[in-house]
Amino acid sequence: MNHPARFQIQSGAAPRGHRFADEWLARAALTVPGVTREAVEALRRDGRPQLADALIQSGMATPEALAHAVRGTYGIDVIELRDEMVEKVACSLVPERICRQHRLFPVRCDGERIVVAMANPLDGVALSDVRAASGREPVPHYCRGELIDNLIADFHSPDSVIS
């Protein structure tokens, strides 16, 4: 694991009080061996937009370690999305606008429930929007935002056809 001293912080790089887009993840990240408050603050001062990406890119955490931390801290399952995992019916139940706005992606339907990959599975407004749009009870799973962004782009591109 790398130590916070490894980071080259540019003075004043991030505005005072910078928050990560995935700020909710900080509590879980601190349970990953080698991730300290000082390291998280160094990433924050560096102006990194996403804590998960910054931790992985810096070598302080792996996707697997973050997944374990999210499960242990919040009791939320983690999903590493791939195109072939997505049920097109589930995708059709939640409009692209909601997916982009909340950085989420519907994965599959399970009876009256809909499994949703979310960059922030604690976002109550996003869960409410999914419930209203789909008519189903959302079951949130954590997924890194980068994977969600890729799926949104793939499934909602003009070249994709939902059948």
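Residues numbered from 1 in each chain as written. Predicted model: local features only at pLDDT ≥ 70, side-chain atom pairs only at ≥ 80, totals over all residues. Heavy atoms only, no water.

A. Looking closely at the overall build of the protein chain. A tally of helices and strands in the protein chain yields eight helices and three strands. When its helices and strands are written in sequence order, the protein chain yields α-α-α-α-α-α-β-β-α-β-α. For the protein chain, the proportion of its 163 residues judged to be buried stands at 44%. In the form shown here, the protein chain has an accessible surface area of approximately 8,600 Å², with 49% of it arising from carbon and sulfur atoms. (Helix = DSSP H or I, 4+ residues; strand = E, 2+ residues; numbered from the N terminus. Buried < 20%, exposed > 50% of the residue type's maximum accessible area, 1.4 Å probe, protein only. Areas by Shrake-Rupley, 256 points an atom, 1.4 Å probe, with all protein chains shown as cover.)

B. Looking closely at the sheet that holds strand S1 (residues 104-110). Spatial ordering of the open sheet is given by S1-S2-S3, a layout of three strands whose pairing is mixed. The open sheet has two edge strands with one neighbour each: S1 and strand S3 (137-142). Pairwise comparison of adjacent strand axes, ignoring direction, gives a mean angle of 30 degrees for this sheet. As defined by bridge partners, S1 adjoins strand S2 (residues 113-118) across six bridges and the pair is classed as antiparallel. Residue pairing for S2: Cys-109 is matched across the bridge by Ile-114. (Pairing = 2+ DSSP bridges. Axes fitted to C-alpha atoms, helices over the stretch in contact; angles between N-to-C directions.)

C. Looking closely at the nonpolar core. Counting residues in hydrophobic clusters, the biggest one holds 27 residues, and the most contacted among them are Leu-81, Leu-104 and Phe-105. Broken down by secondary-structure element, the contributors of at least two residues to this core are helix H5 (88-93), helix H6 (96-102), S1, S2, helix H7 (124-134) and helix H8 (145-155). With residues near it in sequence (within four places) discarded, Phe-105 still touches Leu-81, Val-86, Cys-91, Val-115, Val-116, Ala-117, Ile-148, Leu-151, Ile-152, Phe-155 and His-156. Counting residues in each nonpolar core, the second largest holds 24 residues, with Ala-54, Ala-69, Val-70 and Ile-76 among its members. (Core = buried A, V, L, I, M, F, W, Y, C linked by side-chain atoms within 4.5 Å. Contact = heavy atoms within 4.5 Å.)

D. View of the side chain of Ser-134. Following the sequence through the fold, Ser-134 ends up in helix H7. Given the relative accessible area of 10%, Ser-134 is considered buried. Looking at Ser-134, its side chain comes within polar contact range of the main-chain nitrogen of Arg-136, at 3.1 Å. Among all residues touching Ser-134, those that are not within four sequence positions of it are Leu-93, Val-94 and Ile-114. (Polar contact = N/O pair within 3.5 Å; in protein donor to acceptor, adjacent residues only side chain to side chain.)

E. A look at helix H4 (residues 63-74). Counted at 1.5 Å a residue, the expected span for H4 with its 12 residues is 16 Å, and the 16 Å between its end C-alpha atoms agrees. Burial in H4 covers these residues: Leu-66, Ala-67, Ala-69 and Val-70. For H4, the angular spread of the buried residues around the axis is 165 degrees, confining them to a single face. Those residues of H4 that are exposed and angled more than 90 degrees off the buried face are Glu-64, His-68 and Gly-72. For H4, the elements touching its buried residues are helix H1 (26-29), helix H3 (51-58) and S3. Of the residues flanking the end of H4, it is Gly-75, one or two places downstream, whose phi is positive at about 70 degrees. (Expected span 1.5 Å × (residues − 1). Arc of directions from axis to C-beta.)

F. Examining the side chain of Arg-44 more closely. Residue placement: Arg-44 occurs in helix H2 (residues 37-45). At 3.1 Å, the side chain of Arg-44 and the side chain of Glu-41 are in polar contact.

G. Layout of the state of the cysteines. Inspection of every chain in the model, using the stated rule, returns zero disulfides. Take Cys-91: it sits in no disulfide, and the sulfur closest to it among the cysteines is that of Cys-99, at 6.5 Å. On the accessibility criterion, Cys-91 (1% relative accessible area) is buried. (Disulfide = S-S within 2.5 Å.)

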